[in-house]
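Listed here are the chains, written in short residue letters.
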Amino acid sequence: MTVIDLDITGMTCASCANRIEKKLNKQEGVTATVNYATEKAHIETGEGAAADADSYIAIVEKLGYGGSVPKPEKPAGDDPAAKELRGLKRRLVVAIALATPVILLAMIPPLQFDYWQWVSFALATPVILWAGWPFHKATWVNLKHGAATMDTLITVGTSAAFLWSLYALFFGHAGDPGMRHGWSILNHAGDPMGDIYFEVAAGVVTFVLAGRYFEKRSKQRAGDAIRALTDMGAKQVTVLRDGGETLLPIEQLQIGDHFLARPGEKIATDGRIVDGLSAIDQSMLTGESVPVDVGPGDEVTGATINTSGRLVVEATRVGEQTKLAQMAKLIDEAQSGKADVQRLADKVSGIFVPVVIAIALVTLLFAGFSNAVAVLIIACPCALGLATPTALLVGTGRGAEQGILIRGPEVLEGAHAITTVVMDKTGTVTTGTMRVVDVAPTGAAREEVLRAAAAVEAYSEHPIGRAIAEAGREEFGSLPEVSGFRNLPGHGVEGTVDGQVIRVGRGDEGASTNKATTVSVSADGRAIGTISVADTVRSTSAEAVRKMHEMGLKTVLLTGDNQQVADAVAREVGIDEVIAGVMPEDKVAHIRSLENVAMVGDGVNDAAALASADLGIAMGSGTDAAIEAADITVMRDDLLAVADALRLARKTLRTIKMNLFWAFAYNVAAIPLAAFGLLNPMLAGAAMALSSVFVVSNSLRLKGFK
């Protein structure tokens, strides 16, 4: 089997993606999925199928869309998505500036001066023809292939309103000096030439264009998680060749090369230690808060950090074979999943649009052109275009005030049916910061043990050492001078304090028990006490878990930490189930084995799991990769915000569904009235505007969320 991924351009709604997907799947030996949100096609080819990308690009282009092989590095100026977004923004700004006075003139009779209708014509024309061009172009492309989408209804509705207005303006009474809009419930078929509907056409284009712009802007960030992971890797590496050290770009590193990892440097790629002792900070990869001691023969992973000793490493995996690259691939695959709720209007439009056009044609034959225009105008999808973006904008705006960031409408369907919340431990349930939790003296006073250990550890870069040094500074202010400091890789540190040789390390006496890591402290070889350091549980985690239980949610702790530590944390905060000792790829498997699951995390090790979950929630203090892979980000370092985020997402989704229901129900009820002449086109335009007011007002209720 050959796998081919393509970037797709020119799609305007979910029905476009469905058309491309169906066409690709008709090819022999091909299984394809096309994702409208990420604008990508994932093609798996088997026996009898073409194995080159050009064949499938040709199929996509024949349907009227664009296709290309993704490029690893795209210059910012050449990014088609960014270019399209800039174009939409220009059209939207112009549409708002020109359509606003047109709408005001039409809806407020005192503003209607002599020849106001000609001013409306001049202002509305560029809105309808230029600003609305993306809709008209998409309509034409789809019509050539016998398809109808939401764009079709926009074009038909606005064109009917615009062309009718032109006819009334140039050949009817609408162009007469002093013309005023009249208001009537019934459609006066006897004199249909005295009204214009430029505000209807211009308003529909402006509102729907605004929705399209905000949708496009949120989709543009779909690939940021993968870019964040890629940026995390080392860019250069020091390779040992021909008895010397050579600095090379990471791309030139080959399997079998020996390279250096100095203290504080990132491990360049996955490999095996050949020489040296050190401690590796794997928190960015595994979530483990305590660095792991390593020596010759131990495996190390690219992008982790060498905290202390000098290491010589043999490269065992490079490029796309590394764990970092595999995690990026997992995120990419997870983001190819489809979201359906926010595309409901487009799915229904496949039936709705032809039905409305058919009703308008029947009305034209039996009830006259004026009634047919009323049908088309009242069926304009203004409320449909506003249903999702207004609720999203208000909901996300309110969420931002509460420190909750919702990526876009495609994330909300997962929140509706969530039954299980899976949480990472480090940095999510816990603070992710090591702190001293106990000092146990055995041969000296407590203050002497902490003061001596903190003085020596002040020279260390190890996270445990930093925690001990910080505790000493907090308690004593200043620390005594140290001479003869030495780093003992794999054993700890030592130095002379007040004439005594102080050694602090895990050694034989130090051990990891329960939630804490305990180190021993000795003076001149005599044990004087132990100090326990732990990653402390957030003060609000227990309350947050309780609130999740009140919402009927099951809670699960999923962590790379050991079972004993994970069980202790789970007991303290009341979590239902514990899955410990898992690597990133195992996290994804566990997430995929669950149904209706939300994942909460903050590290790179959580990024793939966040993207695989029905709903990914990242803590704002986490890594860029985790935040970009998540559907929702809570900026407060507080697990309570996760419960708030779930409630807000659910409420926003309910509002969107209510808006969509109203928009469709309004059309179902109003179209027959227009067809039978009970609504003139002007009143139909007003009704259309009122439907939009209802949708916006309903969305504004989200401002009251607490």
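Residues numbered from 1 in each chain as written. Predicted model: local features only at pLDDT ≥ 70, side-chain atom pairs only at ≥ 80, totals over all residues. Heavy atoms only, no water.

(A) Main features of the overall build of the protein. A tally of regular secondary structure across the protein gives 24 helices and 27 strands. Out of the 706 residues belonging to the protein, those deemed buried represent 54%. Taking the intrachain contacts of the protein between residues at least 6 apart in sequence as the baseline, contacts between residues at least 24 apart amount to 67%. Element-wise, carbon and sulfur atoms account for 57% of the exposed surface of the protein, whose accessible area totals about 29800 Å². (Helix = DSSP H or I, 4+ residues; strand = E, 2+ residues; numbered from the N terminus. Buried < 20%, exposed > 50% of the residue type's maximum accessible area, 1.4 Å probe, protein only. Contact = heavy atoms within 4.5 Å. Areas by Shrake-Rupley, 256 points an atom, 1.4 Å probe, with all protein chains shown as cover.)

(B) Layout of the side chain of Thr-555. For Thr-555, the location among the structural elements is in strand E23 (residues 554-558). What makes Thr-555 buried here is its relative accessible area of 0%. A distance of 3.1 Å separates polar atoms of two side chains, one belonging to Thr-555 and the other to His-549. Not counting residues within four places of it along the chain, the set of residues in contact with Thr-555 comprises Val-421, Met-423, Val-545, Met-548, His-549, Gly-574, Ile-575, Asp-576 and Glu-577. (Polar contact = N/O pair within 3.5 Å; in protein donor to acceptor, adjacent residues only side chain to side chain.)

(C) Fine view of the pattern of salt bridges. Taken as a whole and assessed by the stated rule, the structure comprises 19 salt bridges. Taken together, the salt bridges that share partners define one network made up of Glu-245, Arg-262, Glu-265 and Arg-310. (Salt bridge = Lys/Arg side-chain N within 4 Å of Asp/Glu carboxyl O.)

(D) Broad picture of the packing of helix H4 (residues 116-131) against helix H5 (residues 133-144). Relative to each other, H4 and H5 sit at 45°, their axes nearing to 5 Å. In this view, H4 runs oblique relative to H5, as classed from their interaxial angle. Between H4, through Ile-128, Leu-129, Trp-130 and Ala-131, and H5, the contact on the second element is made entirely by Trp-133, Pro-134 and His-136. Looking at the contact of H4 with H5 residue by residue, the classes come out as six nonpolar, one polar and no charged. (Axes fitted to C-alpha atoms, helices over the stretch in contact; angles between N-to-C directions. Parallel < 35°, antiparallel > 145°, perpendicular 65-115°, else oblique. Nonpolar A, V, L, I, M, F, W, Y, C, P; charged D, E, K, R; others polar.)

(E) The arrangement of the sheet that holds strand E12 (residues 305-306) in detail. An order of E10-E9-E12 is seen for the three strands of this open sheet, with the pairing classed as antiparallel. Only two strands of the sheet have a single neighbouring strand rather than two, namely strand E10 (292-294) and E12. Sheet topology places strand E9 (residues 278-281) next to E10; three bridges connect them, and they run antiparallel. The partner of Ala-279 across the bridge, within E10, is Asp-293. (Pairing = 2+ DSSP bridges.)

(F) Here's a closer look at the sheet that holds strand E5 (residues 236-241). The strand order E6-E5-E7-E13-E8-E11 describes an open sheet built from six strands, whose pairing is antiparallel. Only two strands of the sheet have a single partner each, and these edge strands are strand E6 (244-249) and strand E11 (299-300). Looking at chain direction, strand E7 (residues 258-261) and strand E13 (residues 311-317) are connected through four bridges and run antiparallel. Bridge pairing links Ala-261 to Leu-311 in E13.

(G) Region of the structure containing a positive patch on the surface. Together, Lys-22, Lys-23, Lys-26 and Lys-62 make up a positively charged patch on the protein surface. Within the secondary structure layout, Lys-62 lies in helix H2 (residues 53-62). (Patch = residues over 30% accessible without salt bridge, like charges linked within 9 Å, V, L, I, M, F, W, Y side chains within 5 Å. Lys, Arg positive; Asp, Glu negative; His and termini not counted. Charge placed at Lys NZ, Arg CZ, Asp CG, Glu CD.)

(H) How the structure looks around helix H16 (residues 446-457). In this model, H16 (twelve residues) spans 16 Å end to end at C-alpha, consistent with the 16 Å of a helix rising 1.5 Å per residue. Listed as buried for H16 are Val-449, Leu-450, Ala-452, Ala-453, Ala-454, Ala-455, Val-456 and Glu-457. (Expected span 1.5 Å × (residues − 1).)

(I) Fine view of the confidence of the model for the protein. A residue-level look at the protein finds 82% of positions with pLDDT of 70 or above and a mean pLDDT of 81. No element of the protein has a lower mean pLDDT than strand E20 (residues 511-513), which averages 50, and none a higher one than H16, which averages 95. (pLDDT = per-residue confidence, 0-100.)

(J) Region of the structure containing the UniProt feature "transmembrane region" (unreviewed entry) in the protein. The UniProt record annotates "transmembrane region" (unreviewed entry) at residues 92-109, 115-133, 153-174, 196-214, 348-367, 373-394, 660-676 and 682-700. The span residues 92-109 shows a helical share of 89% and a strand share of 0%, and its end C-alpha atoms are spaced 26 Å apart. (UniProt positions renumbered as here; feature names shortened; annotations may be inferred.)

(K) Just the environment of His-173, in detail. Positionally, His-173 belongs in the loop between helix H6 (150-171) and helix H7 (198-219). The class for His-173 is partly exposed, based on a relative accessible area of 43%. It is 7.9 Å that separates the C-alpha atoms of His-173 and Asp-195, two residues lying 22 residues apart in sequence.

(L) Representation of the environment of Ala-367. Here Ala-367 shows up in helix H11 (residues 344-367). Assessed through its relative accessible area of 32%, Ala-367 is described here as partly exposed. Separated by 308 residues in the primary sequence, Ala-367 and Ala-675 have C-alpha atoms spaced 7.3 Å apart.

(M) Geometry of H4. A rise of 1.5 Å per residue sets the reference length of H4, with its 16 residues, at 22 Å; its end C-alpha atoms lie 22 Å apart and thus fit the reference within 8%. Remark: the principal bend of H4, roughly 30°, maps to Ala-124, with a proline, Pro-126, within the next four residues. Buried within H4 are the following residues: Trp-116, Gln-117, Ser-120, Ala-124, Thr-125, Val-127, Ile-128 and Ala-131. (Bend = angle between axes of the 7 residues up to and from the residue.)

(N) Local environment of the packing of helix H18 (residues 541-550) against helix H23 (residues 640-675). Running from N to C, H18 and H23 point in directions that differ by 25°, and their axes come no closer than 7 Å. By the angle between their axes, H18 is roughly parallel relative to H23. Packed against H18, whose contacting residues are Glu-543, Ala-544, Lys-547 and Met-548, the element H23 presents Leu-640, Val-642 and Ala-643 at the interface. Along the lines of polarity and charge, the residues of the contact of H18 with H23 split into five nonpolar, no polar and two charged.

(O) Layout of the environment of Met-107. Tracing the sequence through the fold places Met-107 in helix H3 (residues 80-107). Accessibility expressed as a relative area gives 30% for Met-107, which makes it partly exposed. It is 8.4 Å that separates the C-alpha atoms of Met-107 and Glu-199, two residues lying 92 residues apart in sequence.

(P) Main features of the pairing of strand E19 (residues 500-505). Note: strand E18 (residues 492-497) against E19, five bridges, orientation antiparallel. From the neighbouring strand, Gly-495 faces E19, where its bridge partner is Ile-502. Counted along the chain from E18 to the antiparallel partner E19, the turn is two residues long, and its residue Asp-498 has a positive phi close to 50°. Taken together, the four bridges between E19 and strand E21 (residues 516-523) define a ladder with antiparallel strand orientation. Counterpart to Arg-503 in the pairing with E21 is Ser-522.

(Q) Up close: unusual backbone geometry. Here the phi dihedral of Asp-242 falls at roughly 55°; this positive angle occurs in a residue that is not glycine. With respect to the element layout, Asp-242 can be found in the loop between E5 and E6. You can call Asp-242 exposed: its relative accessible area is 86%. Its identity as a non-glycine residue notwithstanding, Ala-303 has a phi of 80°, on the positive side.

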